Amino acid sequence: MVNRTHIAPSNRIEVMSHVHTLFRRFATLLATALLAGILSACGGGDDGPSVVNITATPLRYGQPAVFTLVGRDLLTANLRVRVSLCSGLTTEAGATEEQVRIGCRVSGTGTVQVDVLDATDTLLLSKHFEVPAPQVQMETTLGMVTLELYPQDAPITVSNFLAYVKAGFYDGVLFHSVVKDFLVQGGGYSAGLVFKTPVFDPIALEFDRPLKHVRGTVGMARKNTPNSATSQFFVNLVDNPRLDFEGTADPGYAAFGRVVDGMAVFDRMATLPVATVGTLTTVPATEIRMISVRQTR
């Protein structure tokens, strides 16, 4: 005969009560774990600083830029931000624990890398942005022209040219010399062939650079001494290797950009009659003005 364990009614109640207690404890632990997981996913946990995204204003060579960090505990975490191809990093006003804006000036073209590190130099987030070659749009009395500049080849010359553009120096200035099958030159005289005094100091000649004086390239005009270029520039109508670096005795001229749209405008200039005015022998008989010159990217 099989022995069966007999549980008295009072004992059954005690056993069931114990099971219910264990179940309630398990349910409480499970709910706590789920809540912790939800809070962590929503950023409500206390796991230290985090950076979830980095955005940037449109990046232009030589222009101010702002990078915006979005995350948690950004101010109290003593974060460190590294930005390549950018100088003068500053924290913009209005920073909060969730958003910090970093300002700087773009100093190169190509890939900009932004790294955000915590106080222990642990990388929290890294992101890349692209800086295109700068472009300048020039409205002339004969049509629109777009120049693309190459600071990687001639950084001093490009920065100088863009400084004149930013200052509005070229607005109303003439193309005062046109030589067929050679070049077109401008940037030094206002209407009436009045000399316009440069507003910046002469720059050092960047010679023996990769960019050569071929048709459509833009070069910086200068005096007989090498380090004398200011505001005047020229566009090559044909290949002009004689303007390239030949040696220290003949350093040539700095090429720093290229016409990417509107070369027909310069070709048209070369078909117009020219005259001699004072010491200038190749002045267009009808004035050709730059109406406005602006950096567009």
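This write-up is about the structure you can find in this document. (Residues numbered from 1 in each chain as written. Predicted model: local features only at pLDDT ≥ 70, side-chain atom pairs only at ≥ 80, totals over all residues. Heavy atoms only, no water.)

Remarks on the pattern of salt bridges
For the structure on display, the rule yields seven salt bridges. Linking R294 and D171 is a salt bridge whose minimum nitrogen-to-oxygen distance equals 2.9 Å. Of the two residues, R294 is situated in strand β18 (residues 290-295) and D171 in the loop between α2 (155-166) and β10 (173-179); the sequence distance between them amounts to 123 residues. Taking the relative accessible area as the measure of exposure, D171 reaches 26% and is therefore partly exposed. In this structure, R209 and E206 form a salt bridge, with 3.9 Å as the shortest nitrogen-oxygen distance. (Salt bridge = Lys/Arg side-chain N within 4 Å of Asp/Glu carboxyl O. Helix = DSSP H or I, 4+ residues; strand = E, 2+ residues; numbered from the N terminus. Buried < 20%, exposed > 50% of the residue type's maximum accessible area, 1.4 Å probe, protein only.)

With respect to the pairing of strand β5 (residues 99-106)
Where strand β2 (residues 64-72) lies against β5, seven bridges are found, and the strand directions are antiparallel. Residue pairing across strands places F67 opposite I102, the latter belonging to β5. With four bridges joining them, strand β4 (residues 86-91) and β5 adopt antiparallel strand pairing. Counted as the bridge partner of C86 is V106 from β5. (Pairing = 2+ DSSP bridges.)

Looking at the sheet that holds strand β3 (residues 80-83)
One open sheet holds the three strands; their spatial order is β3-β6-β7, and the pairing between them is antiparallel. The strands lining the two open edges of the sheet, one partner per strand, are β3 and β7 (123-131). Shown here is a sheet whose adjacent strand axes are inclined to one another by a mean of 15°, direction ignored. Both strand β6 (residues 110-117) and β7 contribute to a ladder of eight bridges, which runs antiparallel. Paired with V112 across the two strands is F129, which belongs to β7. (Axes fitted to C-alpha atoms, helices over the stretch in contact; angles between N-to-C directions.)

Section: the side chain of T157
Mapped onto the elements, T157 comes out in helix α2. For T157, a relative accessible area of 1% gives the class buried. With residues near it in sequence (within four places) discarded, T157 still touches I203, E206, M220, A254 and F256. (Contact = heavy atoms within 4.5 Å.)

What to know about α2
Taking 1.5 Å of rise per residue, the 12 residues of α2 would be expected to cover 16 Å, and the 16 Å separating its terminal C-alpha atoms lies within 8% of that figure. If you check which residues of α2 are buried, you get T157, V158, N160, F161, L162, Y164 and V165. Where α2 terminates, the next one or two residues include G168, which has phi positive at roughly 75°. (Expected span 1.5 Å × (residues − 1).)

Quick word on the nonpolar core
If you look at the biggest cluster of nonpolar residues, it comprises 55 residues, and the most contacted ones within it are F67, F161, Y170, F175, F233, F256 and F266. Per element, the largest residue contribution to this core is five residues, and it comes from α2. Listed in part, the five residues of the second largest apolar core include F182, L183, A221 and F234. (Core = buried A, V, L, I, M, F, W, Y, C linked by side-chain atoms within 4.5 Å.)

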